[in-house]
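Single-letter residue listing:
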Amino acid sequence: MPLSEHEQRMLEQIESALYAEDPKFASSVRGGRLRSTSSRRRLQAAALFVLGLFLLVAGIAAPVKPGGFPIISLIGFIVMFGAGVLLLLGTSKGAARGARSGGASTSGPGGGGSSGPGRQRKSGGFSERMEDRFRRRFEQE
């Protein structure tokens, strides 16, 4: 569903505020650096998934079943599950890594000890401004 004109304006305001507060993070999120990591993670996850599927099927067909339990199939399932976790967490880790590197470089000149609260205060100010705009919009209607 396309955004309305008002929603597009709000999105542009949010983007401009992000660029004003943390331009390095904004450019790293917008840039293509995270895509290469993401595609590599997808390939690794797909390869692990295929390996797990092979082990799952091979465990059912294999005569080695200690206690009547197909242990190789269990290992295959665990590998497939791990592939899914790698796919889901791999993209999140890449995005978080970009956020950490952008945050660390902007807080470097401010000092190591005071970088955490300063960054929280900035994001709090931004969120407060957005909440105020949100409230004003609904109060006008």
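None of these values were measured; they are calculated from a predicted model.

A few points about the overall build of the protein chain
And step 1. Looking only at helices and strands, one finds five helices and zero strands in the protein chain.
And step 2. Relative to all contacts within the protein chain whose residues are 6 or more apart in sequence, the contacts with residues 24 or more apart total 65%.
And step 3. When the accessible area of the protein chain is evaluated, it comes to approximately 10300 Å², of which 65% is carbon and sulfur surface.

A closer look at the environment of Val85
And step 1. By secondary structure assignment, the location of Val85 is in helix α4 (residues 71-107).
And step 2. Judged by relative accessible area, which is 32%, Val85 ranks as partly exposed.
And step 3. Through-space distance from the C-alpha of Val85 to that of Ala45 is 8.4 Å; in sequence the pair is 40 residues apart.

Focus on the UniProt feature "transmembrane region" (unreviewed entry) in the protein chain
And step 1. Mapped onto the present numbering, the UniProt feature "transmembrane region" (unreviewed entry) falls on residues 43-62 and 68-90.
And step 2. With 95% helix and 0% strand, residues 43-62 has end C-alpha atoms that lie 28 Å from one another.

Side note on the packing of aromatic side chains
And step 1. Under the defined criterion, the tally for this structure stands at one aromatic pair.
And step 2. Taking the centre distance of 4.7 Å and the plane angle of 65° together, the rings of Phe134 and Phe138 count as edge-to-face. Taken as a pair, Phe134 and Phe138 lie in helix α5 (residues 115-140) at a separation of four residues, close to a single helical turn.
And step 3. Since its relative accessible area comes to 43%, Phe138 is described here as partly exposed.

Each value, and the rule that gives it
- Think of each chain on its own: its residues are numbered from 1, step by step along the sequence as written.
- Since the coordinates come from a predicted model, pLDDT governs what is reported: local features require at least 70, and pairs of side-chain atoms require 80 or more to be given and counted, while whole-chain, interface and lining totals use all residues.
- In computing side-chain values, all of the structure's heavy atoms are included and hydrogens and water are not.
- Secondary structure elements follow DSSP: runs of H or I of four or more residues count as helices, runs of E of two or more count as strands, with numbering from the N terminus.
- A contact between two residues is defined here by any heavy atoms of the two lying within 4.5 Å.
- Accessible surface area values rest on a Shrake-Rupley calculation with a 1.4 Å probe, where residue burial reflects the displayed protein chains alone.
- Only protein chains enter the calculation, and the probe is 1.4 Å; a residue is then buried if its accessible area is under 20% of its type maximum, exposed if over 50%, and partly exposed in between.
- UniProt positions are given in the numbering used here, feature names are shortened, and annotations may be inferred rather than shown by experiment.
- Classification of ring pairs rests on two measures: the distance between centres of Phe, Tyr or Trp rings, Trp counted by its six-membered ring, which must be within 6.5 Å, and the angle between planes, read as stacked under 30 degrees, edge-to-face over 60 and tilted in between.

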